[in-house]
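These are the residues of each chain, in order.
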Amino acid sequence: MAHTVANKNKLLLRVKKIKGQISALQKALEDEKDCFKVLQQISAARGAITSLMGEVIDGHIKEHLGNNVSDEQREEEMLNLTSLLKSFFK
């Protein structure tokens, strides 16, 4: 079973919290809150997304780079993960 399926409810709860943070950011902009409040909302949303990314990457590494995969699969997964991380950190 894929790690995202096994942790589906936990991950969906995190996504719902992120949606709430994005909604709060939208409201702050609509209500013309001062820039510091907007920056706080952006920072909170970014932190939550980064945390979610870290949790999914952790499961991905354990499942797709562990001892249960062939050397060929591991090499392909390492290339995929490296590419993904490069795009995430742009």
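Bear in mind the structure is a predicted one, so any value in this text is a computation, not a measurement.

Peer 1: Looking at this model, I keep getting lost on helix α4 (residues 71-88). Mind explaining?
Peer 2: Here α4 contains 18 residues, and its C-alpha end-to-end distance of 25 Å stays within 8% of the 26 Å for a straight helix at 1.5 Å per residue. Within the sequence span of α4, burial applies to Arg74, Glu77 and Leu81. Along the long axis of α4, the arc covered by the buried residues comes to 65°, so they all point the same way. Turned more than 90 degrees away from the buried face of α4, the exposed residues are Glu72, Leu79 and Lys86. Structurally, α4 contributes buried residues whose contacts are with α3 (35-64).

Peer 1: I would appreciate a short explanation of the side chain of His60 in the present structure.
Peer 2: You can see His60 is positioned in helix α3. Of the polar contacts made by the side chain of His60, one reaches the side chain of Glu77; its length is 3.0 Å. Beyond its immediate stretch of four places on either side in the chain, His60 contacts His3, Leu65, Glu77 and Leu81.

Rules of the game
Residues numbered from 1 in each chain as written. Predicted model: local features only at pLDDT ≥ 70, side-chain atom pairs only at ≥ 80, totals over all residues. Heavy atoms only, no water. Helix = DSSP H or I, 4+ residues; strand = E, 2+ residues; numbered from the N terminus. Expected span 1.5 Å × (residues − 1). Buried < 20%, exposed > 50% of the residue type's maximum accessible area, 1.4 Å probe, protein only. Arc of directions from axis to C-beta. Contact = heavy atoms within 4.5 Å. Polar contact = N/O pair within 3.5 Å; in protein donor to acceptor, adjacent residues only side chain to side chain.

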